Amino acid sequence: MSKRSSECANECAEVQADHQYDARWQKAQHARIERVLEGVFVSLPDSSMLLDTMRYATRGGKRVRALLVYAAAELSGSALDIADAPAAAVELIHAYSLVHDDLPC
């Protein structure tokens, strides 16, 4: 194996390790925002129809907006706890925009 081939193999291994870290980080933050959103719903007054509707509107999805909030918090050196409320807010606003868009004019 040439020196260049060896360097390429090392770079590929580093990229693969970074990708595995990114996937673990994404999975951890996804689970975090799901817990935060459920905490928001639990803290609301009991109105089962409203809560069921909110849960339905926010179920599933990649949570990219929340992931961006958590990434910004990490990049700025902030604790992730501080980013929980903004991450939940952007997810709820996004869900609202999707529901609002589907309403008849």
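Data block above holds the structure.
Residues numbered from 1 in each chain as written. Predicted model: local features only at pLDDT ≥ 70, side-chain atom pairs only at ≥ 80, totals over all residues. Heavy atoms only, no water.

Trainee: Lay out the pattern of salt bridges with the relevant residues and their values.
Mentor: Per the counting criterion, the structure on display carries five salt bridges. Here Glu34 and Arg63 are joined by a salt bridge, their closest N and O atoms 2.7 Å apart. One end of the pair, Glu34, is in helix 1 (residues 3-43); the other, Arg63, is in the loop between helix 2 (48-58) and helix 3 (64-75), with 29 residues separating them in the sequence. A relative accessible area of 6% means that Arg63 is categorised as buried. The network of salt bridges with shared partners includes Arg32, Asp81 and Asp84. (Salt bridge = Lys/Arg side-chain N within 4 Å of Asp/Glu carboxyl O. Helix = DSSP H or I, 4+ residues; strand = E, 2+ residues; numbered from the N terminus. Buried < 20%, exposed > 50% of the residue type's maximum accessible area, 1.4 Å probe, protein only.)

Trainee: Lay out the layout of surface pockets with the relevant residues and their values.
Mentor: What the largest pocket holds in volume is close to 220 Å³. Around the largest pocket sit Thr53, Met54, Tyr56, Ala57, Thr58, Arg59, Leu92, Ala95, Tyr96 and Val99, which together line it. Elements that contribute at least two residues to the lining of the largest pocket include exactly helix 2 and helix 4 (80-102). It is helix 2 that contributes the most residues to the lining of the largest pocket, five residues altogether. For the lining of the largest pocket, the per-class residue count stands at seven nonpolar, two polar and one charged. Considered as a void within the structure, the second largest pocket measures approximately 180 Å³ in volume. Surrounding the second largest pocket, 13 residues form its lining, Gly60, Gly61, Lys62, Glu91 and His94 being those nearest its centre. For the lining of the second largest pocket, the elements supplying multiple residues, two or more each, are helix 2, helix 3 and helix 4. Per-class residue counts for the lining of the second largest pocket are four nonpolar, four polar and five charged. (1 Å grid on protein atoms, 1.4 Å probe; cavity = no way out; pocket = protein on both sides within 12 Å on 5 of 7 lines; lining within 4 Å. Points joined across faces, edges and corners; volume = space filled by probe spheres on them. Nonpolar A, V, L, I, M, F, W, Y, C, P; charged D, E, K, R; others polar.)

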